[in-house]
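Breakdown of the fold
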Amino acid sequence: MNASRHSVIDATLAWYAGHARILPWREPEATPWGVMVSEFMLQQTPVARVLPVWSVWMERWPTPSALAADEPGEAVRAWGRLGYPRRAQRLHAAATVIVAEHGGQVPASLDALRALPGVGEYTAAAIASFGYGQRHLVLDTNVRRVLARIEDGCEFPPTHLTQGERDRRQVWVPDDPAQAAAWAVASMELGALVCTARTPACPSCPVRESCAWFAAGRPAHEGPPRRGQTYAGTDRQCRGVLLGVVRDAAGPVPEEAVLAAWTSDPAQATRALEGLLADGLLRKGAQATVTL
């Protein structure tokens, strides 16, 4: 690793030591399971929304065994309004595999983590790094943006992660496992708090003097337009509304009552309910009712 990268890493770690948010899954007493739950919940969901749900979840299911012993529908119910409820379903499935194949302990091996339901490349590396202090390349959206600006002089990284990008970023991982894990979380925090997508705070950035994008005058993105996700009126919103009716009920809910929660497009409501049933997020009950 060259001297420039060393200086960026050192400056980022020093900044992190004084500016990192206090989050329970980063505390010394956090377990690999707590880290794993946080990584599932934080996918496309802000920290502020995750914090209260994570705390309740960990109190109720402090281990994979505790979650696996409960019904999948209860995991979906406890997921609340975090969105993308299939994450809860997959987390329950992962807990079941952990109990069956790993003695109830979150595995430390990257390959074993990748084999769990719902665990992809980034999530496996994050769990191994933050839960076990291992040396891995951890590339989330924030880290990719930080490194694209520092090294490539680009406002944003490519839309899709490529092997070429992985190879270029691998040289940023410190040799020492503990420092590598610290750099992973520190660079992620830098992207979340300073080197943000919309309003980067370059004047307060600890590595601005080493940033190619800043040195070039912060040129605008030249790639394909970056479009934000729409939500209002989408099938995803419809599914969320219907699922919320059943989640908030004390027992089975008549199908008519579920469909009535979405009045703007009855056909869309019917399609959404069928999708929820097909995905296993809802189950048919007796007398034309549905339940978790």
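To start, this report covers the structure provided alongside it. (Residues numbered from 1 in each chain as written. Predicted model: local features only at pLDDT ≥ 70, side-chain atom pairs only at ≥ 80, totals over all residues. Heavy atoms only, no water.)

Regarding the overall build of the protein
For the record, the criterion: Numbering of helices and strands runs from the N terminus, with a helix taken as a DSSP run of H or I at least four residues long and a strand as a DSSP run of E at least two residues long. Under the scheme applied here, a residue whose accessible area is under 20% of the maximum for its type counts as buried, over 50% as exposed, and between as partly exposed, the area being computed with a 1.4 Å probe on protein chains only. In what follows, a contact means two residues having at least one pair of non-hydrogen atoms within 4.5 Å. Methods summary: accessible areas were calculated by the Shrake-Rupley approach with a probe of 1.4 Å, and residue burial reflects only the protein chains presented. The positive count covers Lys and Arg only, the negative count covers Asp and Glu only, and His and the chain ends enter neither. Charge placement uses NZ in Lys and CZ in Arg. For Asp and Glu, CG and CD serve respectively.
A tally of helices and strands in the protein yields 15 helices and 3 strands. Referenced to the eigenvectors of the C-alpha coordinate spread, the extents of the protein come out at roughly 70 × 45 × 35 Å. Classification of the 292 residues of the protein by burial places 41% in the buried group. Taking as baseline every contact in the protein between residues at least 6 positions apart, the subset at least 24 positions apart corresponds to 63%. Accessible area for the protein stands at about 14,400 Å²; split by element, carbon and sulfur atoms hold 55% of it. Charge centroids of the protein, computed over 29 positive and 29 negative side chains, lie 5 Å from each other.

Quick word on empty space enclosed by the protein
Quick note on the threshold: Using protein atoms alone on a 1 Å grid, points that fit a 1.4 Å probe yet trap it form a cavity, whereas open point sets bounded by protein on both sides within 12 Å along at least five of seven lines form a pocket; residues with an atom within 4 Å of a point count as lining. Grid points are joined across faces, edges and corners, and a volume is the space filled by probe spheres set on the points. Under this grouping Gly is polar, as are all residues other than the nonpolar Ala, Val, Leu, Ile, Met, Phe, Trp, Tyr, Cys and Pro and the charged Asp, Glu, Lys and Arg.
Overall, the coordinates contain 2 cavities of 30 Å³ or more when judged by the stated rule. Its volume calculated, the largest cavity comes out at about 90 Å³. Lining the largest cavity are Val-146, Arg-149, Ile-150, Leu-190, Val-194, Cys-195, Pro-200, Cys-202, Cys-205, Val-207, Arg-208 and Cys-211. At 3 residues, helix α9 (residues 141–152) tops the list of elements feeding residues into the lining of the largest cavity. For the lining of the largest cavity, the class distribution of residues is 10 nonpolar, no polar and 2 charged. The computed volume of the second largest cavity comes to approximately 70 Å³. Every residue lining the second largest cavity is counted, 13 residues in all, and those nearest its centre are His-136, Leu-137, Val-138, Val-173 and Trp-183. Per element, the largest residue contribution to the lining of the second largest cavity is 4 residues, and it comes from helix α11 (residues 177–193).

Some words on the packing of aromatic side chains
Put simply, the test is: Only the six-membered ring of Trp is used, alongside the rings of Phe and Tyr, when aromatic pairs are assigned; centres must lie within 6.5 Å, and planes under 30 degrees apart are stacked while those over 60 apart are edge-to-face, with the rest tilted. Counted as over-ring charges are cases with an Arg CZ or a Lys NZ within 6 Å of the ring centre that also lie within 35 degrees of the ring normal.
Per the counting criterion, the structure on display carries 4 aromatic pairs. Consider the rings of Trp-57 and Trp-61, whose centres lie 4.6 Å apart with planes at 70 degrees: the pair is edge-to-face. For the pair Trp-57 and Trp-61, one class covers both residues: buried. Centroid distance Trp-57 to Trp-79: 5.7 Å. Interplanar angle 80 degrees. Geometry classified as edge-to-face. Remark: Trp-79 occurs in helix α5 (residues 72–79) and Trp-57 occurs in helix α3 (residues 47–60); sequence separation between them is 22 residues. Trp-79 carries the same exposure label as Trp-57, and that label is buried. Within the aromatic cluster, the residues linked to one another by ring pairs are Trp-57, Trp-61 and Trp-79. We note Arg-149 situated over the ring of Trp-213; from NZ or CZ to the ring centre the distance is 4.5 Å.

Section: unusual backbone geometry
Backbone geometry places Tyr-84, a non-glycine residue, at a positive phi of 45 degrees. Inspection of the secondary structure assignment puts Tyr-84 in the loop between α5 and α6 (86–102). Judged by its relative accessible area of 26%, Tyr-84 falls in the partly exposed class. In the Ramachandran plot, Gln-287 falls in the positive-phi region, its phi being about 55 degrees despite a non-glycine side chain.

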